[in-house]
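Chains, contacts and geometry: an overview
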Amino acid sequence: MKRILITLILGTLSFMASAAPWKVDNEASDINFITTKKVNFSEVHKFTSFSGSLSDKGDFELAIDLASVWTNVAIRDTRMKEMLFEVASFPKLMLNANISMTALDKINIGSSASMQVDGKVSFHGKTQTVPMKVSVIRLNEKELIVVSAQPVIINAEQFGLTRGVEKLREIAGLTSIGHSVPVSFILNLRR
């Protein structure tokens, strides 16, 4: 009887651990984007604050705090927050996707797999479906790395950002700022 009880308790604890949601570790993850100005001058920027989770049913959610934009130039950070992202009205970018848990469960520890994911991006009052190719690496039973296998292209016009881009261009006295921005990420998910 004692063995049966111990087996039931351990089995329940094991199930509870495997059903626990995956959480994005902000400190061990990166979300970067590249802007291009004056036709051929590109710079890498990033967001420093975001959170996310993956449920046991495959529902993935990522929230990016747009006020955490970091470009290595304080005045540019302020201008992007106020003129482009308009964080007072639109503080976050939200990404929702569904991940195949069957495919995820097939990845052995130390191995990786490619996945095609359609992400629903809600940003600046607009929502678009954005295809993404990712690589998922299973480090162990409690840790995954999800990497953009290809940059995700975000177009200013699709998200109502064209006016903001033009404001930035004018105030900086630039001849051009690109309206398409490649985004890449490395997300560390832990249970």
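In this text the structure is predicted, and so the values were computed from the model without any measurement.

Description of the confidence of the model for the protein
- Scored by pLDDT, the protein comes out at a mean of 91, with 90% of its residues at no less than 70.
- Segment residues 4-17 is flagged for pLDDT under 50; beyond a separation of four residues in sequence, or across chains, it makes 1 contact in the model.

Observations concerning unusual backbone geometry
- A positive phi angle, close to 50°, is found at Glu86, a residue other than glycine.
- Inspection of the secondary structure assignment puts Glu86 in the loop between helix H2 (74-85) and strand E7 (92-98).
- Phi is positive for His124, close to 55°, though the residue is something other than glycine.
- With respect to the helices and strands, His124 occurs in the loop between strand E8 (112-123) and strand E9 (126-140).

Here's the deal with the packing of H2 against helix H4 (residues 162-172)
- One way to put it is that H2 packs onto H4 with a least axis distance of 8 Å and a crossing angle of 140°. When the axes of H2 and H4 are compared, the pair comes out oblique. Contact residues: H2 offers Arg79, Met80, Met83 and Leu84, while H4 offers Gly164, Val165, Lys167, Leu168 and Ile171.
- Split into classes, the residues belonging to the contact of H2 with H4 amount to 6 nonpolar, 1 polar and 2 charged.

Some words on the pairing of strand E5 (residues 59-65)
- Across 5 bridges, strand E4 (residues 50-54) lies against E5 in antiparallel orientation. Bridging from a neighbouring strand, Ser53 pairs with Glu61 of E5.
- The hairpin turn running from E4 into E5, its antiparallel successor, is 4 residues long, and Gly58 in that turn takes a positive phi close to 95°.
- Of the pairings in the sheet, the one linking E5 to E7 comprises 7 bridges and is antiparallel in character. Considered in E7, the bridge of Glu61 is made with Asn96.

As for the layout of surface pockets
- Volume-wise, the largest pocket comes out at about 700 Å³.
- The wall of the largest pocket is formed by 37 residues, among which Phe33, Thr35, Met80, Phe85 and Val181 lie closest to the centre.
- Element by element, the count of residues in the lining of the largest pocket is highest for H2, at 6 residues.
- Split into classes, the residues belonging to the lining of the largest pocket amount to 28 nonpolar, 5 polar and 4 charged.

The rules behind these values
Residues numbered from 1 in each chain as written. Predicted model: local features only at pLDDT ≥ 70, side-chain atom pairs only at ≥ 80, totals over all residues. Heavy atoms only, no water. pLDDT = per-residue confidence, 0-100. Contact = heavy atoms within 4.5 Å. Helix = DSSP H or I, 4+ residues; strand = E, 2+ residues; numbered from the N terminus. Axes fitted to C-alpha atoms, helices over the stretch in contact; angles between N-to-C directions. Parallel < 35°, antiparallel > 145°, perpendicular 65-115°, else oblique. Nonpolar A, V, L, I, M, F, W, Y, C, P; charged D, E, K, R; others polar. Pairing = 2+ DSSP bridges. 1 Å grid on protein atoms, 1.4 Å probe; cavity = no way out; pocket = protein on both sides within 12 Å on 5 of 7 lines; lining within 4 Å. Points joined across faces, edges and corners; volume = space filled by probe spheres on them.

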